[in-house]
Amino acid sequence: MTAATETPIRRAAKVAARRPAAKRARRRESTFGFLMIGLAVIFVAVFTFIPILASLGLSFTSWDVISSPKWVGFDNYKRLFTDGPVLASFGVTVALAIAIVVLQISLGLLLAVLANNRKRNATRVFFRTSFYLPLLASTAAVSIFMGYIFDTKFGLINYYLNEIGLPGAHWLNDPFWAKVTVVMVVVWQQVGFTFVLFVAALLAVPVDVQEAAAIDGAGPWRTLFRIKIPLISPTILFATVIAMINAMQLFDQPFIMTKGGPGTATTTATISMYQAGFQNLQFGFASAIAILLLVIIGIITGIQFIAARKLVFYQ
């Protein structure tokens, strides 16, 4: 664009940009931005990357904290892939994670749709607050409380089931029901996170698109599955990835409520890691479990992103 055809506003903007004050302001903004990025990088490096590298190094050693680490090469990994109970704990982890993620995503989406259909804003705020509150509670405190609630002999659940003439279940003493109980408690506490995400995503769906669908004769369900869900699919992907990563690291609920039992029914990979490291003082073997868990989480996350290429719609 030549000077003759340049608009007065553009020329004024260029003149203002060359002023020393404007340059100093841009320099301050850039410095502040790089400072924030630097702090985030330092935080992630100190609390994520360095511990991962330390665990990777320890996984090739035998270390009981008392004596110095001894290099053992791949012995911990050879033991890991021949240790039946530890491998079984990975199977339990994957099974629980799948159940938790499916229920958390589907229930969170259902609740978000129902909450957004409320006409009064005060009602929507009430539901948002109510569903999000459990997420703010301490996981350990919730697990202890739920352990009493689902106790076979003295729990409130079985008490009220008996009051209405129904037999109580062995919630924490039966392998199947122990898994069901852990899944229910985790979903109850974590569903508020996905619920809030989906509420915000549904509110961001363009009104004109919904009106066009209504004019074309699309009902509420067709609009939901053909319009709203495709448009919020990036949010669904984000919620699914975060929920799966959290579920694969499940520890507090099964450890506090069942101690990994009955037997090894709810022993997750993180509980096996805890037992190897902090109970048996085999930190090299515990680190090998941690590295394998990290690899599995990375593989599952990669599969999710590969599947998202065909399932996620970006505007």
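Being a predicted model, the structure only gives us computed values, none of them experimental.

A. Summary view of the layout of surface pockets. Estimated volume of the largest pocket: approximately 600 Å³. Considering the residues around the largest pocket, the lining is formed by 23 residues, among which Ser55, Gln249, Met273, Ala290 and Leu293 are closest to the centre. Only helix H2 (20-58), helix H13 (269-279) and helix H14 (283-311) provide two or more residues apiece to the lining of the largest pocket. Among the elements that take part in the lining of the largest pocket, H14 stands out by supplying 9 residues, more than any other.

B. Structural view of the nonpolar core. In this structure, Leu80, Phe90, Ile100, Phe198, Ile232, Met248 and Ile289 are the most contacted members of the largest nonpolar core, which totals 49 residues. Elements with a contribution of two residues or more to this core: helix H3 (75-80), helix H4 (84-116), helix H8 (175-203), helix H10 (220-231), helix H11 (233-248), H13 and H14. With 13 residues, the single largest contributor to this core is H4. When sequence neighbours within four positions are dropped, the list of residues in contact with Phe198 reads Ile105, Gly108, Leu109, Ala112, Thr235, Ile236 and Ala239. If you look at the next biggest cluster of nonpolar residues, it comprises 9 residues, including Val142, Trp171, Val185 and Met257.

C. Geometry of the packing of H4 against H11. As a packed pair, H4 and H11 sit with axes 9 Å apart at the nearest point and diverge in direction by 145 degrees. Once H4 is placed against H11, the crossing between them reads as right-handed. Two secondary-structure elements touch here, H4 through Thr93, Val94, Ala97, Ile100, Val101, Gln104 and Ile105 and H11 through Ile236, Ala239, Thr240, Ala243, Met244, Ala247 and Met248. Looking at the contact of H4 with H11 residue by residue, the class counts come to 11 nonpolar, 3 polar and no charged.

D. Quick peek at the environment of Ile256. On the secondary structure map, Ile256 appears in helix H12 (residues 252-258). The partly exposed category is assigned to Ile256, whose relative accessible area is 29%. A sequence separation of 124 residues divides Ile256 from Tyr132, and the C-alpha atoms of the two residues are 22 Å apart. The residues touching Ile256, leaving out its near neighbours within four places in the chain, are Ala140, Ser143 and Ile144.

Definitions and cut-offs
Residues numbered from 1 in each chain as written. Predicted model: local features only at pLDDT ≥ 70, side-chain atom pairs only at ≥ 80, totals over all residues. Heavy atoms only, no water. 1 Å grid on protein atoms, 1.4 Å probe; cavity = no way out; pocket = protein on both sides within 12 Å on 5 of 7 lines; lining within 4 Å. Points joined across faces, edges and corners; volume = space filled by probe spheres on them. Helix = DSSP H or I, 4+ residues; strand = E, 2+ residues; numbered from the N terminus. Core = buried A, V, L, I, M, F, W, Y, C linked by side-chain atoms within 4.5 Å. Buried < 20%, exposed > 50% of the residue type's maximum accessible area, 1.4 Å probe, protein only. Contact = heavy atoms within 4.5 Å. Axes fitted to C-alpha atoms, helices over the stretch in contact; angles between N-to-C directions. Left-handed = near helix turned anticlockwise from the far one by under 90°. Nonpolar A, V, L, I, M, F, W, Y, C, P; charged D, E, K, R; others polar.

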